[in-house]
Each structure stands twice: as C-alpha cells, then as structure tokens.
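Descriptive structure summary
Okay, here's what each chain looks like letter by letter:
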Amino acid sequence: MRVENWPYTNEPMTPAFIRHAYGAASFRIAEHKYPPGTTFPGRTRAAKWFVLAGACTVRRDEEVTVKAGQVAEIDAGDYTITVVGDTELHLMEVWDLRPFMN
C-alpha cells in the first residue's frame, strides 16, 4: 500500500473535485463516513482511497495509518480498518473500471 499527500496543491480535497477528476464513465466512486473507534473488515479491488477527514489504520500485510489530506493506493485483497482519533472518518474510494471494459 502506498500513501501520499493530496497532489493537487491548488485544489482542496473535496467530494466534488474527486468526482470531477475521476469521470463516472470510467470509474466507480463511493463515499463513506465512519464514527471514531469503528473497526471493520473488508475486501476490495485495486483502488484509491481519499481521506477527507479523520484518520484510520489499515491492516493488511503491514499496518499503515492514513489521515486527512492523504491518498492511499490499495491493492486488491482483504483489509481491516480502524478509525483512530476523535474525528469521524470521511473516506472516498475510487475504482478504475477501464481494465474491465471492452
């Protein structure tokens, strides 16, 4: 898993900008909010996770904390997320559908 800071220094990380940057025809986009202390398992295809607020620990082969203003590139597979801190986690997931389109 690779984590980096939001690369668009001239644009705030907002749901509207993420939806605009990743056109609906080629990408699937989901927006989630989770309260502090929440822990849950999941499974995903390769995706980008944009953390708009809060922070979470993602456990896979390694444990990584992703916080507001960061983007994580997630490989396909299982994971467990724990929302850390006192702030609600606001997360957007973006999946690239182009490899599955003919």
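Described in the following lines is the structure provided in the data block. (Residues numbered from 1 in each chain as written. Predicted model: local features only at pLDDT ≥ 70, side-chain atom pairs only at ≥ 80, totals over all residues. Heavy atoms only, no water.)

Secondary structure summary: the protein contains one helix and nine strands in total. In the protein, the order of α-helices and β-strands from amino to carboxyl end is β-α-β-β-β-β-β-β-β-β. A compact globule built from 102 residues would reach a C-alpha radius of gyration of about 13 Å, and the protein, at 13 Å, matches this within 12%. Seen along its three principal axes, the alpha-carbon backbone of the protein occupies a region of about 40 × 30 × 20 Å. Counting across all 102 residues of the protein, residues that qualify as buried make up 37%. Of the contacts made within the protein by residues no fewer than 6 positions apart, 75% connect residues no fewer than 24 positions apart. With the model as given, the accessible surface of the protein reaches about 6,000 Å², and the carbon-plus-sulfur share is 49%. Between the mean site of the 11 positive side-chain charges and the mean site of the 13 negative ones, the protein shows a separation of 5 Å. (Helix = DSSP H or I, 4+ residues; strand = E, 2+ residues; numbered from the N terminus. Rg over C-alpha atoms; globule rule 2.2 N^0.38 Å. Buried < 20%, exposed > 50% of the residue type's maximum accessible area, 1.4 Å probe, protein only. Contact = heavy atoms within 4.5 Å. Areas by Shrake-Rupley, 256 points an atom, 1.4 Å probe, with all protein chains shown as cover. Lys, Arg positive; Asp, Glu negative; His and termini not counted. Charge placed at Lys NZ, Arg CZ, Asp CG, Glu CD.)

According to the stated counting rule, one finds five salt bridges in the structure shown. In this structure, Glu73 and Arg2 form a salt bridge, with 3.0 Å as the shortest nitrogen-oxygen distance. Of this pair, Glu73 sits in strand β7 (residues 70-74) while Arg2 sits in strand β1 (residues 2-5), and the two are 71 residues apart along the sequence. What makes Glu73 partly exposed here is its relative accessible area of 28%. Its relative accessible area of 48% is what places Arg2 among the partly exposed residues. A salt bridge links Arg43 to Asp78; the nearest nitrogen and oxygen atoms lie 2.6 Å apart. Separated by 35 residues along the polypeptide, Arg43 in strand β3 (residues 39-44) and Asp78 in strand β8 (residues 77-84) bring together distant segments of the chain. Residue classification places Arg43 among the exposed positions, given a relative accessible area of 68%. Residues joined in a network through salt bridges with shared partners are Arg2, Glu4 and Glu73. (Salt bridge = Lys/Arg side-chain N within 4 Å of Asp/Glu carboxyl O.)

Let us look at the layout of surface pockets. Considered as a void within the structure, the largest pocket measures approximately 160 Å³ in volume. Secondary structure elements with two or more residues in the lining of the largest pocket: β4 (47-53), β7 and β9 (89-96). Residues that form the lining of the largest pocket fall into these classes: six nonpolar, no polar and five charged. (1 Å grid on protein atoms, 1.4 Å probe; cavity = no way out; pocket = protein on both sides within 12 Å on 5 of 7 lines; lining within 4 Å. Points joined across faces, edges and corners; volume = space filled by probe spheres on them. Nonpolar A, V, L, I, M, F, W, Y, C, P; charged D, E, K, R; others polar.)

Remember that the coordinates give geometry; whether it matters functionally is a separate question.
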